[in-house]
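Residues per chain are reported as follows:
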Amino acid sequence: MNENMAPESSQRMNSDQILLLLCILIGIGLRIGNPMDFSFINDELSTWSKVSYDSVGAVIENIKQVDSHPVGMYVFVYYWTSIFGTSEWAIKLPFLLFSIASLWLVYRLGTLWFSKTVGLIVLAYFSTLQFPIWWSHIARQYQSGLFCTLLMAYCWTQLLMQQRTEKRYWIGFVVMGAASMYNHYFSLIFAGILGVWGFAWMRKEILLKYVAAGITMVVLFLPHLSITTYQLLHADGHLWYAIPTPSFFSNHLQYIFHYSFWCLGFALLLLFGSILKYGKQTFKKNEKARWGSLFLFITPITFGYLYSVYKSPILRESHLLFSLPYFLFFWCSFFPKDIPSRMKFLLVGVILGINTTTLVVTRQHFKTVHTHPYEHFIKHTKAFLAAHESKDVCIVLGENPEYLQYYKDAYASNFEHIESFKPPISFLEFREILENSVTSYLIVGSIPEAHLQMARYYYPYLYQRSYGINYEYYILSKNKEAQKVAWEFDFEIDMDFDKTEQAGWQIEKTNLRQDSITANTYYQQEGEWGPTFAMSLEQLTPRNNEFLDVAVDIRVVDTMLYQPQGTLVVEIRDEQDSLLVWKGVDATAQTNAQRDWQRLYLSMRFAHEPIYNNVKKLKMKTFFWNREKQAIQLDRFSIATRKGNGLLYKDTNPFEFE
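The rules behind each value
Residues numbered from 1 in each chain as written. Predicted model: local features only at pLDDT ≥ 70, side-chain atom pairs only at ≥ 80, totals over all residues. Heavy atoms only, no water. Helix = DSSP H or I, 4+ residues; strand = E, 2+ residues; numbered from the N terminus. Buried < 20%, exposed > 50% of the residue type's maximum accessible area, 1.4 Å probe, protein only. Areas by Shrake-Rupley, 256 points an atom, 1.4 Å probe, with all protein chains shown as cover. pLDDT = per-residue confidence, 0-100. Contact = heavy atoms within 4.5 Å. Arc of directions from axis to C-beta. Core = buried A, V, L, I, M, F, W, Y, C linked by side-chain atoms within 4.5 Å. Axes fitted to C-alpha atoms, helices over the stretch in contact; angles between N-to-C directions. Parallel < 35°, antiparallel > 145°, perpendicular 65-115°, else oblique. Left-handed = near helix turned anticlockwise from the far one by under 90°. Phe/Tyr/Trp six-rings, centres within 6.5 Å; stacked < 30°, edge-to-face > 60°. Lys NZ or Arg CZ within 6 Å of the ring centre and 35° of its normal. Pairing = 2+ DSSP bridges.

1. Side note on the overall build of the chain
Then, in step 1: A tally of regular secondary structure across the chain gives 22 helices and 16 strands.
Then, in step 2: With respect to the principal axes defined by its C-alpha atoms, the chain has extents near 100 × 60 × 50 Å.
Then, in step 3: Split into buried and exposed, the 658 residues of the chain put 55% on the buried side.
Then, in step 4: Summed over its atoms, the accessible surface of the chain is roughly 29000 Å², and 58% of this surface lies on carbon and sulfur atoms.

Here you go:
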């Protein structure tokens, strides 16, 4: 675009340079954050684990067998760590450098496709939005893929838009295109889309060269084809990925703009304001680049959505990082080349101010970016054991033992713990540990919700709690004097059948019995249905993000040893009484054949259920379903709600106002 290459006044150049430097410095600062606080997430420890082999051939074979990504990034990290080691900084550094280089490339592409004004406005966004900042130092395929696709697009731009003919651009186009293909399958898709769009800019004199360049990329990828074929044939999908709904598109837009009224509102004001004020002047200019930018953004998200819905779920926010710059190009493309310097300073300054503020305050970025389980589990546990005798502490951790060992080695800590990872420790085994434990303290991390409820029964006092992305960690005690943190209960009720006139309960009083020795009152249930508790969730909790804990004591009425049958049930229904959630725990999974009372536990995390955004309009019912009509006795039927983990999935989801 020749008009973009016209010389500008030295004053304009100086003002643009100031804004460019400001955006890049802020972008670098937000990406580095606190350099002493870097911590690996689960996926980065997966990267470390998968390159910890004696040869690159072993790395490639392992990726082929157990992973669903191309091998390129892993091969790069293998050679990098063989030179620089496997510390957090050593592994993260190249990705951080890629992210800093990406700031410059985004600005250059915006300038070449549209103008310096558009380049600066886009850079202001790219420097301060959480989406690119979050992945800027994560040792995974996303930042490396963004860098490769941006550099490919830059060389592509020089060849097609700027009509340059130097060999370095052809070589860069081919090499970075092939690198994108080896990096991630979504960056491969993006490289293909960009290549196809290139025919819209084609000149006769370079057609054969362009086609040859594309063929060369494919030829360079041929050694990987057998790996890709194997992965496709043996793929069972990312079963832990949710199948996206149409709301994914609007949620993605909100995620890009920090789930913030101010951030999204100002972005919309810029979009529609620029169209209204400058539309007549700019709408017909750079049309191909504008609609091409939208094409480069829409195509990957549409492909990912359709494949996830009709084939296998693959779509995640991170997979769309490669197309983010082009969304921003489109959004800002209606600004003209020449606007007053004061206006440019104002626009860039407001964007930087709003986005940085919402990044820190609304998204709580620096409180969450390094709150992941592995380092925290080891650091907190080591600190606790330094002040308490290890023989007085039982430790159960539900994270990958290999990844935990990385931080045990880093912190020179050698404490032993009970593993509860894929699968988690069985309920009966965990109960046996708790019943036989003589320790004063219990440390648990990332264990199932019902396991924690049972742990609270034996260790009711909370010494320490730590919440983060994808984990909860607790230090519990049997001794009341050790309690330093209060459990955040919103609702508690305990039906011991001595006083049956309590809100929410429906109890057939003719089934009440009294123990002749202890004078304890209990409920005898011989039919299918027994005592029921029902109440609106609005009465149980003031928030959406909540834990629901239900428990009941059960005993079989028989002189023979029989295991209790039946199911402890929780139902969630809407205002029309339609069933939304049914969750039950079978008594056989939590009990043995014995005559004594045994306790059943059922827990629900609202964040895992399809009710999360509509909790207060729903109602809950719980009961014991005696399917076999076994003669059983029930006692101490308890229901409680407590505040959930506000950070659990907040890397990509909004925070609740609690």
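Still to come is the rest of the account.
2. Notes on the confidence of the model for the chain
Then, in step 1: Per-residue pLDDT for the chain has a mean of 93; in total, 96% of the residues score no lower than 70.
Then, in step 2: Predicted confidence is poor over residues 1-9, with pLDDT under 50, and the contacts of this stretch with residues over four places away or in other chains come to 22 contacts.

3. Observations regarding helix H3 (residues 56-66)
Then, in step 1: If you check which residues of H3 are buried, you get Val59, Asn62 and Ile63. With its buried residues spanning 100° around the axis, H3 presents them on a single face.
Then, in step 2: Its buried side turned inward, H3 meets helix H2 (42-50), helix H4 (72-84) and helix H11 (207-233).

4. Details of the nonpolar core
Then, in step 1: Grouped together as the largest cluster of nonpolar side chains are 133 residues, with contacts concentrated most on Trp113, Tyr125, Trp156, Phe173, Phe257 and Tyr326.
Then, in step 2: If sequence neighbours within four positions are ignored, Phe173 has contacts with Met152, Cys155, Trp156, Leu159, Tyr210, Ala213 and Met217.
Then, in step 3: With 34 residues, the next largest nonpolar core counts Phe533, Met535, Val552 and Ala587 among its residues.

5. A few points about the packing of helix H10 (residues 185-197) against H11
Then, in step 1: Where H10 contacts H11, the axes come no closer than 12 Å and their chain directions differ by 155°. On the basis of their axis angle, the class for H10 and H11 is roughly antiparallel. With respect to the hand of their crossing, H10 and H11 are arranged in left-handed fashion. Between H10 and H11, the contacting residues are Tyr185, Leu188, Leu194 and Gly195 on the first element and Tyr210, Phe221, His224, Thr228 and Gln231 on the second.

6. As for the packing of aromatic side chains
Then, in step 1: Within the structure shown, the criterion is met by 62 aromatic pairs.
Then, in step 2: Measuring from ring centre to ring centre gives 5.5 Å for Trp291 and Phe330, while their planes differ by 50°; the resulting arrangement is tilted. Here Phe330 lies in helix H15 (residues 324-332) and Trp291 lies in helix H14 (residues 287-310), a separation of 39 residues in the sequence.
Then, in step 3: Overall, Trp291 belongs to the partly exposed group, its relative accessible area being 39%.
Then, in step 4: For Phe330, a relative accessible area of 14% translates into the label buried.
Then, in step 5: Following the ring pairs from residue to residue traces out a cluster consisting of Trp113, Trp156, Phe190, Trp197, Trp201, Tyr326 and Phe329.
Then, in step 6: The side chain of Lys288 reaches across the aromatic face of Trp201, ending 4.6 Å from its centre.
Then, in step 7: A cation over an aromatic ring shows up here: Lys408 above the ring of Phe415, its NZ or CZ 4.5 Å from the ring centre.

7. Considerations on the sheet that holds strand E4 (residues 461-468)
Then, in step 1: Strands sit in the order E2-E1-E3-E5-E4 across an open sheet of 5 strands; the sheet is mixed. Single-partner strands in this sheet number two, and they are strand E2 (418-419) and E4.
Then, in step 2: Relative to strand E5 (residues 471-477), strand E3 (residues 441-445) is paired through 5 bridges, and the arrangement is antiparallel. Residue pairing across strands places Val444 opposite Tyr474, the latter belonging to E5.
Then, in step 3: With respect to the sheet, helix H18 (residues 373-387) is in contact with strand E1 (393-397), E3, E4 and E5, its orientation differing from that of E5 by roughly 15°.

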